[in-house]
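Summary of the model geometry
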Amino acid sequence: MAGHRVERVAAQLREEISAIIMRDLKDPRIGMVSITEVKLTPDLRSAIVRVSVVGESEGQQAAMAGLDHARGFIRKELGARLSNLRFAPELRFELDEGIAYSVRVSQLLREVEKGSSDAGS
């Protein structure tokens, strides 16, 4: 039962953090950012927020720095928006490179497929 609540709250946090980043943050370093996953501790006191950032390595690092800088603001906004929690969780942002990895693999597969079709002609 407690695990189900943690999952529901994590999903709610994911939606709210995404909305805060899209609408309320004005930091130019934070561009194309999407929240891929939120992992909450069972006591709901801290959360690891996995973030996917579109762009090169420098842009990704700048976006992560912007998110770390805005962490207090995001937490304050979560506290105001989530009335079902006693405490807004402490946030830690991590870069999720899974999407970039899958895009790279798809690109390599297309190149291999194109090379094999050219060789067969």
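Keep in mind that what you see is a predicted model, and the values were worked out from it rather than measured. (Residues numbered from 1 in each chain as written. Predicted model: local features only at pLDDT ≥ 70, side-chain atom pairs only at ≥ 80, totals over all residues. Heavy atoms only, no water.)

1. Digging into a nonpolar patch on the surface
- On the surface, a cluster of nonpolar side chains totalling about 320 Å² of accessible area is made up of Tyr101, Val105 and Leu109.
- Its location among the elements puts Leu109 in helix H4 (residues 98–120).
- Judged by relative accessible area, Leu109 falls into the exposed class, the value being 55%. (Patch = residues over 30% accessible without salt bridge, like charges linked within 9 Å, V, L, I, M, F, W, Y side chains within 5 Å. Areas by Shrake-Rupley, 256 points an atom, 1.4 Å probe, with all protein chains shown as cover. Salt bridge = Lys/Arg side-chain N within 4 Å of Asp/Glu carboxyl O. Helix = DSSP H or I, 4+ residues; strand = E, 2+ residues; numbered from the N terminus. Buried < 20%, exposed > 50% of the residue type's maximum accessible area, 1.4 Å probe, protein only.)

2. Regarding the pairing of strand S1 (residues 33–40)
- Summarising the sheet, S1 and strand S2 (residues 46–53) pair through 7 bridges and their orientation is antiparallel. Bridged to Lys39 within S2 is Ile48.
- Linking two consecutive strands that pair antiparallel, namely S1 and S2, is a turn of 5 residues; a positive phi of about 65 degrees is found at Leu44 within it. (Pairing = 2+ DSSP bridges.)

3. Side note on the nonpolar core
- Core analysis: the largest hydrophobic core is formed by 29 residues, its most contacted members being Ile17, Ile21, Val51, Leu67, Ile74 and Leu78.
- Elements supplying a minimum of two residues to this core: helix H1 (2–23), S1, S2, helix H2 (57–69), helix H3 (71–81) and strand S3 (90–95).
- Considering each element in turn, this core owes the most residues, 7 residues, to H1.
- Apart from residues no more than four positions distant in its own chain, Ile17 is found in contact with Ile35, Val49, Ile74, Leu78 and Leu91. (Core = buried A, V, L, I, M, F, W, Y, C linked by side-chain atoms within 4.5 Å. Contact = heavy atoms within 4.5 Å.)

Spatial relationships are all this shows, so hold off on functional conclusions.
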